[in-house]
Amino acid sequence: MDCEVVVVGGGIGGLTVAALLAQRGVNVCLFERQAEVGGCAANFEKFGYSFEQSYGLYSSWEPDEIHRRIFAELPVEPPEIHALDPSYVVRLPDQCQVAVGKSAEQFEQSLREVFPECAAQAIEFYRELDLAGTTLRQLLQQNPELLSSSKTNRTYRLLGKGKAGVKILAAGSDTVAAHLNGLSFRFRRFVDAQLQILAQGNSTQVLYLQAAIALSEAHRGMFSIRGGSAALAARLADSTRTSGGSVRLNAPVLRLAYNSAGNAVGVDMLSGERVTASRAIVSNLTLWDTYGKLVGLNRTPTDIRKALQTLRGWGAYLMFLSLEDEAADALAGERFLALTDWQADREYDPQGQQLFFNAAPGWDKRAPAGKRAVTVHAFTEADAWFTFHSNEEELEARDQQMLEACWQRLHKMMPELGASVEVIDSFNPRGYYESTRRKLGMVGGLVPTRTQFWPGQAAYLTSLPNLFNVSDTTSAGGLEAVSRAALVLADKLAPCL
Ligand SMILES: Cc1cc2nc3c(=O)[nH]c(=O)nc-3n(C[C@H](O)[C@H](O)[C@H](O)COP(=O)(O)OP(=O)(O)OC[C@H]3O[C@@H](n4cnc5c(N)ncnc54)[C@H](O)[C@@H]3O)c2cc1C
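The model shown is predicted, which means the values in this text are computed figures rather than measured ones. (Residues numbered from 1 in each chain as written. Predicted model: local features only at pLDDT ≥ 70, side-chain atom pairs only at ≥ 80, totals over all residues.)

### Section: the overall build of the protein
On a plain count of helices and strands, the protein comes out with 15 helices and 18 strands. Taken against the 2.2 N^0.38 rule, which gives 23 Å for 497 residues, the C-alpha radius of gyration of the protein at 22 Å falls within 12% of a compact globule. Dimensions along the principal axes, computed over C-alpha positions, put the protein at roughly 70 × 60 × 45 Å. Scored against the burial criterion, the 497 residues of the protein give a buried share of 50%. At a minimum sequence separation of 6, the contacts of the protein that also span at least 24 residues come to 72%. (Helix = DSSP H or I, 4+ residues; strand = E, 2+ residues; numbered from the N terminus. Rg over C-alpha atoms; globule rule 2.2 N^0.38 Å. Buried ≥ 20, exposed ≤ 12 C-beta atoms within 10 Å, placed from the backbone. Contact = placed C-beta atoms within 7 Å.)

As structure tokens, then:
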């Protein structure tokens, strides 16, 4: 089979590139090893429930924002979205809670009540952060390539934003912690827990500018998608087909195919078929798997091999729960971030300390009558699920232990759930590995390494001139960031005329 562009992987990144390229007239073929598209964005189905595998917090669905911009080009309608109000509620170990959402007034009032020991500084911290986040977002809207553009280009654009731009330039490669001096550890933990879900690291790890984009998003308002992110994946696959592209399911790619000169010319499928790509190959796999599996470690440059060894991602443990409809209606929101321990005397570690509760909305219950589908997420070290187990029983025992611990923490933090909730199933990093083949089932992107916020080169580049990567390991910030990266790559491969 011959195509112009081969896309390996049907996660949101691969699907978005494929949909855009197909609509721009490129002969594109996407291969997905599973029987359905979506990857981490797919739903988990059981007993009539359809569980999201995510927090259910989707950003940048406002008019002119990245998702709207992509769908404006495609021949299909976007999925139905509704604003979340609040975006989520943060519940602290002392049962104080803060609703994080669109109303700045309400939010600041909560900060005064919950953090009286440092209220003025906390409000100032958020005002500055929101200003930086809003400014960066406006610039990204005008120029999706901003983060990888040259220093001169971005300085010019930032200076055009006046005082806010100057502050962004001054923040350089500060971590969030550098901006938290003088704030109480309670407030720091409030920030740490949110950064952990929105940026995969705590305040000593996440760069201030990354945090500005992530945290300000929750204030601009986040969205819920009818059918969850799986519905977004399905629309993108439909769009690719409607535009004449091909989406092949149950089609695992084995590795890149090379010619005798050592140039990548396409891919070899596990089935033995060779598919050539005359223009480009797009990998939607993680960086580890792009090199380890597609390129081949013997063809991976030594510096990249070394760099890959230093990168790390978190594992996720999910509980899929059934919740009585009435109990869901009585909650103060549909999304809760619960912090179970202050950890006053050490660096923040999300393992065993925080849970995220995501209930399907009342208008999209994804469950049998009278029930709602709920997903509860906990961080876990991924490699621990692949080592130290001599047999299946040990692994099951570990899973059971984790389930019991998360269940107890959930009831401690959300006592109002009482007996209205029951476990339908659970998912650990081994499950993620089985469903996505991501290395060690590590998900959600990379743990930040304090590298530059402005990489100065396009995230999609690899060691091969015709191989490109689009995935959450090259673009931090959830579906919004992966979708923006996919648009930037599509513009490179087939500029929109
Ligand atoms: C617990 C959790 C909660 C999250 N919550 C949110 C949220 O609320 N909001 C948000 O915006 N983001 C959220 N995210 C992030 C988001 O879901 C992911 O970052 C995103 O879905 C990753 O997309 P991707 O394009 O990198 O591809 P992936 O999802 O990694 O997909 C890659 C695809 O490639 C396929 N594949 C692998 N190997 C092969 C092969 N050899 N041949 C063919 N196909 C192959 C896989 O099967 C998979 O379908 C969350 C992530 C996690 C883990």
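### Remarks on the site of the ligand
As a structural note, the neighbourhood of the ligand is formed by 38 residues, with Gly9, Gly11, Gly13, Gly39 and Gly478 the closest of them. Those elements that provide at least two residues to the shell around the ligand are helix H1 (12-23) and helix H15 (478-493). With 4 residues, H15 is the single largest residue contributor to the shell around the ligand. Of the residues belonging to the shell around the ligand, the class tally is 15 nonpolar, 17 polar and 6 charged. (Near = placed C-beta within 6 Å. Nonpolar A, V, L, I, M, F, W, Y, C, P; charged D, E, K, R; others polar.)

### Observations regarding the domain arrangement of the protein
Many descriptions give the size of an interface as the accessible area lost when the pieces come together. The domains assigned to the protein are domain 1 (2-43 + 56-82 + 227-310 + 448-493), domain 2 (85-221) and domain 3 (314-441). Averaged C-alpha coordinates put domain 1 and domain 2 at centres separated by 29 Å. Domain 1 puts 19 residues into the contact, and the matching count from domain 2 is 24 residues. For the side of domain 1 that touches domain 2, the class distribution of residues is 10 nonpolar, 5 polar and 4 charged. (Domains from an automatic or database assignment.)

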